[in-house]
Structure formats: structure tokens, C-alpha cells
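# Summary of structural features
These are the residues of each chain, in order.
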Amino acid sequence: MQKVVISGTGLYTPSSSISNEELVASFNGYVEQFNSRNAAAIEAGTVAALAPSSTDFIEKASGIKSRFVMNKSGILDINRMKPDIPERSNEEWSILCEMAVKAATEALARAGRTAADIDGVIVACSNLQRAYPAIAVEVQEALGIEGFGFDMNVACSSATFGIQVAANSVQLGQARAILMVNPEICTGHMNFCDRDSHFIFGDACTAVIVERADQAVSDCQFDILGTKLLTKFSNNIRNNFGFLNRADDSGVGKDDKLFVQQGRKVFKDVCPMVAELIGEHLREFNLPVSDIRRFWLHQANLNMNMLIARKLLGRDPEAHEAPVVLDEYANTSSAGSIIAFHKHQEDLPSGSHGVICSFGAGYSIGSVIVRKH
């Protein structure tokens, strides 16, 4: 069994950002237009009037202040309320591939590696733009990587699950190094007409190089000490979009073909599950919580992260103990915990322990214990 390290990470951030103020102005414009157009039905009680949103509501509910997006104009257009991302020809690299290549290029550079050093590609994300050929095989081709590639989806936990799969391949000698990437265009499945969730998501892509410890050459490496995964079925976070939708015309275009959640139930269910799993994982390695210098948690909701950290630490976490990026990036699904890890790792001294943890639909929870070289 080979020892395994994370030897490099990469991040692609879209050039466009939408502030809460911009998003609220657009949403409230849509609400005013909807209520005006449906005034008679609203007065008759056959249609429910829509309520406006506010920046105070968004920040209090989530901690989000802005989000990066692949397309801004379509989202803010009150007559569209969704991204405007034209389809590409089959002869062009797909948009997910393009994002993945940009994040992977940085990860390879930080790891001191080239495509020739990588034996496999895993694309792990919440939403794949097609069934086949696999996005991972496309990324492999775009980068010139020999070996294999495959896609996987465990919703917001896709990255931590992907790290385990990558680590297993390297540990067993099936690969020298694996590139694991998380291209997330979360705005593509966001209902921007829903007050309770129109602010939640942003877009980004992260990349992680997992390789044999005895061959790693980068300046910043983290031993992967262990991984722990958990899934439990729940309908509280769901997206019913799929290839069978066209087989039932009555469901086409319905709200359940986008992201839907019962937020309060998710909060109540997931927070204790995450804290318990991380606690169990640390006990398996005889690591007291006090030895963990940093928790890179899934960036979905600030209140969730603070509660989980509080349950583990027995007190409110300091900013450096559980770094936050969701205020700037919003929820980027599987990419969130890796963005936090990517941006908040270099200041840790050698020997520091940390936990990368993601959680989301499924329910799914993934924990990765690491130690900095």
C-alpha cells in the first residue's frame, strides 16, 4: 500500500460576479412584474402573490454576500431569470471541460507535474451536462493525459468522495497520480424565481492532484491519513431533472426539475450527522479535536458551518479554524470545501492536522483527514 498525498490544488473562478444588491434588484423586479401581470388571479385567490427579497434576509439566512457566475446577464434579466449559456458544437471543448482544464492547469503547476505524470482523471460534481462521453474522458483528451477517466456524482460531497476514490487508486498501485476535478455550474440548476433559494449558488471549478508520497515533488503537500464516507437517503434536497423527463410531458419545465430543498429540515438533520461523523473519524485515528488546526468545511451556509464547528470544538470557532469563502463564492456545491482548502493552507506549519469535509444531498457526507508535510 502506497502512502498518498495531496500535492497540488487549483481553482478556476469565473470573471463575472453578482452582488446581493444586484440579485435582489433583479428578483424584486421579477416579483413586481409577476404580481402585476397576475393581479386579477391574485385578487381572486387562484394565484399566490410573490414576496420580494432583501439583502438583509439573504445574509442572515446564509452568510452569502456575492457569487461568481458563468453568465451574469441572463440571470439578472427579469424576462429570463436563468443563465444564458449557448450550446457548443461537438467539435468544441464543453464548458465543463474548459473550466476543468483551467483549474487542473493550476493544480498541475502547484504539484510540479505535467500531463505525462497523471494516470487518471476523475470529474466529480453535482451536475454533468451530458450522459456520455464522460466529461472526464474529454478533460483527459484536452490535457493529453494517458490512462483512464470517469465521472462521478455524489452531489455536494462529490469532491471528498472523489479524493477517496483517487487515494484508493494510488494506494493500490493502479495509478501514480490522479487528477480529480470539480466543475460546478450550480446556477444552471438554480431557480432564480424562488425567494427561498434564488441566492444560494455560484459557479466555480476546483482541482486536486492525489499522488504517491514517495514521488511527490511539490513544496506544499498534505498526507491523506484517512477518509470516511456516509450516505443516508433523504428527499429534503432534490433535483428531479433526468433523461426520462421527456417521457412524461406533464413534468417538463416544473420546479422540481431544478434544485429544491426543505432548508430547515436539512439544517436539523445534517449538522449533527456531520459533527458526529468527523468526531468518529478523529477518534479512529486517536486525534483529539484540539489537535485539528483547521476545518475546511462545505461552503453552503454560514450558520451550518458555525454550528458544526461549535459542536466539535465546544466553543465558537476562530476565523482561521474554519475559514469561510461562501461570503464571496456562495454555495459552489462540491467545489466549496476545496476552495476553502486551496485558499487557506499555506500558512499552516509542518505537522498540522486538518479535516476537509463536505455534506449535502443524498444525504452524503465525506471527511478527509490530512497532515501537512
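An account of the accompanying structure is given in this report. Per chain, residues are indexed from 1 in the order of the written sequence. Per-residue local features of the predicted model are confined to residues with pLDDT of at least 70, and side-chain atom pairs are confined, for both listing and counting, to 80 or more; whole-chain, interface and lining totals are unaffected and use all residues. The basis for every side-chain value is the complete set of heavy atoms in the structure, and neither hydrogens nor water enter the calculation.

## Remarks on the packing of aromatic side chains
Using the following cut-off: When the centres of two rings from Phe, Tyr and Trp lie within 6.5 Å, Trp using its six-membered ring, the rings pair. Their planes under 30 degrees apart give stacked, over 60 give edge-to-face, and anything left gives tilted. The way it works is that DSSP assigns letters per residue, a run of H or I at least four long becomes a helix, a run of E at least two long becomes a strand, and they are numbered from the N terminus. Each residue gets one of three labels from its accessible area relative to the maximum for its type: buried under 20%, exposed over 50%, partly exposed in between, using a 1.4 Å probe on protein chains only. Charge-over-ring contacts are defined here by two conditions on Lys NZ or Arg CZ: a distance within 6 Å of the ring centre and an angle within 35 degrees of the ring normal.
Counted according to the given criterion, the structure contains 8 aromatic pairs. Relative to Phe-34, the ring of Tyr-30 lies with its centre 6.2 Å away and its plane at 35 degrees, an arrangement referred to as tilted. Within this pair, Tyr-30 and its partner Phe-34 are both found in helix 1 (residues 20–37), separated by 4 residues, close to a single helical turn. A residue is classified by how much of its surface remains accessible, and Tyr-30, at 16% relative accessible area, is buried. Through a chain of ring-to-ring contacts, the aromatic side chains of Phe-222, Trp-296 and Phe-341 assemble into a single cluster. For the cation-ring pair, Arg-195 lies above Phe-57, with the distance from its terminal atom to the ring centre recorded as 4.1 Å.

## Points about the packing of helix 5 (residues 95–111) against helix 6 (residues 135–143)
Heads up, the condition is: Here an axis means a line fitted to C-alpha atoms, over the contact stretch when the element is a helix, while the angle between two N-to-C directions is reported on a 0 to 180 degree scale. Any angle from 65 to 115 degrees is called roughly perpendicular, while one under 35 is roughly parallel, one over 145 is roughly antiparallel, and all others are oblique. In this scheme the handedness of a crossing depends on how the near helix is turned from the far one: anticlockwise by less than a right angle means left-handed, clockwise means right-handed. By the convention used here, residues are in contact when the closest approach between their heavy atoms is within 4.5 Å.
Contact geometry for helix 5 and helix 6: axes closest at 9 Å, N-to-C directions at 55 degrees. Here helix 5 lies oblique to helix 6, going by the angle between them. Crossing of helix 5 over helix 6 shows right-handed handedness. Here Leu-96, Cys-97, Ala-100, Val-101, Ala-104 and Thr-105 of helix 5 come into contact with helix 6, specifically with Ile-135, Glu-138, Val-139, Ala-142 and Leu-143.

## Here's the deal with the pattern of salt bridges
Going by this rule: Just to be clear on terms, a salt bridge is a Lys or Arg side-chain nitrogen sitting within 4 Å of an Asp or Glu carboxyl oxygen.
Inspection of every chain in the model, using the stated rule, returns 17 salt bridges. Here Asp-347 and Arg-294 are joined by a salt bridge, their closest N and O atoms 2.7 Å apart. With Asp-347 in the loop between helix 11 (335–343) and strand 12 (353–360) and Arg-294 in strand 11 (residues 292–297), the pair connects residues that are 53 residues apart, well separated along the chain. Among the residues examined, Asp-347 registers a relative accessible area of 54% and is labelled exposed. Among the residues examined, Arg-294 registers a relative accessible area of 4% and is labelled buried. For Glu-321, the salt bridge identified is with Arg-315, shortest N-O distance 2.7 Å. Residues joined in a network through salt bridges with shared partners are Arg-88, Glu-98 and Lys-102.

## Comments concerning the sheet that holds strand 1 (residues 4–12)
In plain terms, the rule: Strand pairing follows a simple DSSP-based rule, namely that at least 2 bridges must link the two strands.
Reading across from one edge, 5-4-6-7-1-8-13-12-11 is the order of the 9 strands in this open sheet, with mixed pairing throughout. Looking at which strands have only one partner, the edges of the open sheet turn out to be strand 5 (148–152) and strand 11. Strand-to-strand twist across the sheet, computed as the mean angle between neighbouring axes with direction ignored, equals 25 degrees. Where strand 4 (residues 120–124) and strand 5 come together, 5 bridges link them in parallel fashion. Residue Val-121 lies in a different strand from strand 5, and its bridge partner there is Gly-149. Packing of helix 9 (residues 302–313) onto the sheet brings it into contact with strand 11 and strand 12, and relative to strand 11 it is tilted by some 150 degrees. In the packing of helix 11 onto the sheet, the strands contacted are strand 1, strand 6 (177–185), strand 7 (203–212), strand 8 (222–231), strand 11 and strand 12, and the crossing angle to strand 1 comes to about 100 degrees.

## Looking at unusual backbone geometry
A cis geometry characterises the amide bond from Tyr-132 onward to Pro-133, with omega recorded as -5 degrees. Following Gly-362, the chain continues into Tyr-363 via a peptide bond in cis, with omega recorded as -5 degrees. Its place among the elements puts Tyr-363 in the loop between strand 12 and strand 13 (364–372). In the Ramachandran plot, Met-81 falls in the positive-phi region, its phi being about 60 degrees despite a non-glycine side chain. Mapped onto the secondary structure, Met-81 falls in the loop between helix 4 (73–76) and helix 5. In this model, Ser-333 sits at a positive phi of 55 degrees, which is unusual for a non-glycine residue.

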